Amino acid sequence: MASITGIGSYLPNKILTNYDLEKMVDTTDEWIIQRTGIRERRIVENGMITSDLATEASLRAMEDAGVTAEELDMIISSTITPDHIFPSTSCYIQQKLGATRASAFDILAACAGFIYAMSIGQSFVNSGAMKTVLIVGAECLSKITDYTDRATCVLFGDGAGAAIIQKSRTKHEILSTNLAADGIQADVLIMPGGGAKNPASLESVQQRMHYIQFKGKEVFKLAINNITNMILETVEKNGLRLKDIDLIIPHQSNLRIIEATMEKLGLPMEKAFVNIDKYGNTSSASIPIAIDEARKEGLLHKGNIVMLVAFGGGLTWGSSIIRW
Ligand code: UT7
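Residues numbered from 1 in each chain as written. Predicted model: local features only at pLDDT ≥ 70, side-chain atom pairs only at ≥ 80, totals over all residues. Heavy atoms only, no water.

1. Looking at helix α11 (residues 286–296)
Piece 1. Here α11 lies mainly inside the structure; nine of its 11 residues are buried.
Piece 2. Those residues of α11 not exposed but buried are Ser286, Ile287, Pro288, Ile289, Ala290, Ile291, Asp292, Glu293 and Ala294.
Piece 3. Buried residues in α11 make contact with β1 (2–10), α5 (113–127), β7 (158–167), β11 (247–250), α10 (276–279) and β12 (305–312).
Piece 4. With its phi angle positive at about 75°, glycine 298 sits one or two positions after the end of α11. (Buried < 20%, exposed > 50% of the residue type's maximum accessible area, 1.4 Å probe, protein only. Helix = DSSP H or I, 4+ residues; strand = E, 2+ residues; numbered from the N terminus. Contact = heavy atoms within 4.5 Å.)

2. Quick look at the site of the ligand
Piece 1. The ligand sits among 22 residues. The nearest are Thr27, Arg35, Lys217, Asn254 and Arg256.
Piece 2. In this structure, a nitrogen atom belonging to the ligand sits 2.6 Å away from a side-chain N or O atom of threonine 27.
Piece 3. For the ligand, whose accessible area on its own is 950 Å², the fraction buried by protein is 73%.
Piece 4. Listed by contribution, the elements that provide at least two residues to the shell around the ligand are α2 (29–36), α6 (150–153) and α8 (216–237).
Piece 5. The greatest single-element share of the shell around the ligand, amounting to four residues, is contributed by α8. (Near = heavy atom within 4 Å. Polar contact = N/O pair within 3.5 Å; in protein donor to acceptor, adjacent residues only side chain to side chain. Areas by Shrake-Rupley, 256 points an atom, 1.4 Å probe, with all protein chains shown as cover.)

3. Comments concerning the packing of aromatic side chains
Piece 1. Following the criterion strictly, the structure yields two aromatic pairs and no others.
Piece 2. Note on phenylalanine 156 and phenylalanine 214: the rings are 6.5 Å apart at their centroids and 70° apart in plane angle, and the pair reads as edge-to-face. Of this pair, phenylalanine 156 sits in the loop between α6 and β7 while phenylalanine 214 is found in strand β10 (residues 213–214), placing the two residues 58 residues apart along the sequence.
Piece 3. Considering the side-chain rings of phenylalanine 311 and tryptophan 317, the 5.9 Å spacing of their centres and the 40° angle between planes classify their relative orientation as tilted.
Piece 4. Note on phenylalanine 311: relative accessible area 4%, which makes it buried.
Piece 5. For tryptophan 317, a relative accessible area of 11% translates into the label buried. (Phe/Tyr/Trp six-rings, centres within 6.5 Å; stacked < 30°, edge-to-face > 60°.)

4. Brief notes about the side chain of histidine 251
Piece 1. Here histidine 251 is to be found in the loop between β11 and α9 (255–265).
Piece 2. Non-local contacts of histidine 251, meaning those with residues more than four positions away in its chain, are made with Cys111, Ile258, Asn281, Ser283, Ser286, Ile287, Val309, Ala310 and Phe311.

5. Remarks on helix α4 (residues 89–97)
Working note: α-helix, 3.6 residues per turn, so residues spaced by three or four point in the same direction.
Piece 1. Inspection of α4 places Thr89, Ser90, Ile93 and Leu97 among the buried residues, and these make up the whole buried set. With its buried residues spanning 100° around the axis, α4 presents them on a single face.
Piece 2. Turning to α4, the residues buried within the fold contact α3 (50–65), β4 (74–78), β5 (103–107) and β6 (133–140).
Piece 3. Phi turns positive, to about 70°, at glycine 98, one or two residues after α4. (Arc of directions from axis to C-beta.)

6. Things to note about the packing of α3 against α4
Piece 1. Here α3 crosses α4 at 55°, and the two axes come no closer than 9 Å. The angle between α3 and α4 falls in the class oblique. Viewed along their axes, α3 and α4 form a crossing whose handedness is right-handed. Judged by residue contacts, Thr50, Ser51, Asp52, Ala54, Thr55, Ser58, Leu59 and Met62 of α3 engage Thr89, Tyr92, Ile93, Lys96 and Leu97 from α4.
Piece 2. In terms of residue class, the contact of α3 with α4 is built from six nonpolar, five polar and two charged. (Axes fitted to C-alpha atoms, helices over the stretch in contact; angles between N-to-C directions. Parallel < 35°, antiparallel > 145°, perpendicular 65-115°, else oblique. Left-handed = near helix turned anticlockwise from the far one by under 90°. Nonpolar A, V, L, I, M, F, W, Y, C, P; charged D, E, K, R; others polar.)

7. Considerations on the pattern of salt bridges
Piece 1. Across all of its chains, the model carries 10 salt bridges by this definition.
Piece 2. The salt bridge partner of lysine 96 is aspartate 52, with a shortest N-O separation of 2.8 Å. On the criterion of sequence distance, the pair formed by lysine 96 in helix α4 and aspartate 52 in helix α3 is long-range, its members being 44 residues apart.
Piece 3. By relative accessible area, which is 35% here, lysine 96 ends up partly exposed.
Piece 4. Under the relative-accessibility criterion, aspartate 52 is labelled partly exposed at 22%. (Salt bridge = Lys/Arg side-chain N within 4 Å of Asp/Glu carboxyl O.)

8. Some words on the environment of phenylalanine 105
Piece 1. As for its position among the elements, phenylalanine 105 is in strand β5.
Piece 2. The exposure class of phenylalanine 105 is partly exposed, given its relative accessible area of 28%.
Piece 3. Taking the C-alpha atoms as reference points, phenylalanine 105 and methionine 118, 13 residues apart in sequence, are found 13 Å from one another.
Piece 4. Beyond its immediate chain neighbours, meaning those up to four positions away, phenylalanine 105 contacts Met74, Ile75, Ile76, Ser77, Ser88, Ser90 and Ile120.

9. Comments concerning the nonpolar core
Piece 1. If you look at the biggest cluster of nonpolar residues, it comprises 39 residues, and the most contacted ones within it are Ile227, Ile231, Ile248, Met307 and Phe311.
Piece 2. For this core, the secondary structure elements donating two or more residues are α8, α9, β12 and β13 (316–323).
Piece 3. Broken down by element, this core gets its largest block of residues, seven residues, from α8.
Piece 4. Built from parts of two domains, this core gets at least three residues from each of domain 1 (2–170) and domain 2 (175–323).
Piece 5. Non-local contacts of isoleucine 248, meaning those with residues more than four positions away in its chain, are made with Ile231, Met262, Leu265, Leu267, Lys271, Ala272, Phe273, Met307 and Val309.
Piece 6. With 33 residues, the next largest nonpolar core counts Ile4, Ile76, Val133 and Trp324 among its residues. (Core = buried A, V, L, I, M, F, W, Y, C linked by side-chain atoms within 4.5 Å. Domains from an automatic or database assignment.)

10. Overview of the pairing of β11
Piece 1. Burial of β11 is two-sided: the residues Leu247 and Ile249 facing one way and the residues Ile248 and Pro250 facing the other way are all buried.
Piece 2. Relative to β12, β11 runs parallel, the two being bridged by four bridges. The residue of β12 that forms the bridge with isoleucine 248 is methionine 307. (Pairing = 2+ DSSP bridges.)

Okay, structure coming up:
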């Protein structure tokens, strides 16, 4: 059975606090904490880019799994902030790791990207076509964040997390992955500039199209409903009950989204892992960073049923159940 045999994460050292943001836009530490739960986030510096963050996280996951670069069969990277639109960031990760045998490609499923990557990796490993797959979620969201827009700039941060997927009898078994999308809502969370529709131009820059834009309230409601329903569906599909879940590791986009979801499910907040206060929303890096931290904090014990769940632009969402 496809299992997670190694996990690793990497966060840049530079911290951007709410107090720093108070000096940049008309906001307050109090508003940000109350409305989002975020206290600080990490920001890349010194020319560091997405493939660098991804490579650091990958090296840690590979060390954790006891896997060398030559053993990697495939690299799947998930990001909305690729080094370039093409070639893929995965090819740069392959280059930086020296993983010469690995095939490499990116997927784009925004905040749900790590779960999408996990689903693809799991399928390749379970089918026997691949033995060792590296999946990595990495983001430099600071590069597409509009630091003049108080409604969005308080939310996002940079970081990366990675996992190795292999068959294993003793490690953390991926019991299921579930994916969903709703393209009707594609425009509620978007970076409109830089693609075929609005290629870079003076106008696209003047209209601030190369930054994340969203309809916050709509995304907020859709997130709670879709995450709640997906958790219930996933539990049922796997013949489990809600009370069988030992820990939910949700995508960290807003503490109030996590709290409302737990309330709807009738589960106590102690069953949800939260680290949004330290890193903000790191899109596809959020779930693997959270898994790594939950493990380091001693929250994951052998045999635990762990639910991963993420929601984001596309709209896309997904879940996975891991037997730790
Ligand atoms: O991973 C999926 C992606 N996640 C998301 O896209 C996040 C989803 N949405 C959210 O998390 C929340 O909608 C936000 C945190 C973005 C906004 O929270 P809200 O409770 O929905 O606030 P709001 O947009 O309704 O704004 C309330 C007030 C407004 O002022 P008025 O019109 O009531 O006078 C805003 O102008 O708060 C104001 N406001 C701010 N005030 C201080 C908006 N941003 C800020 C700010 N500081 N940073």
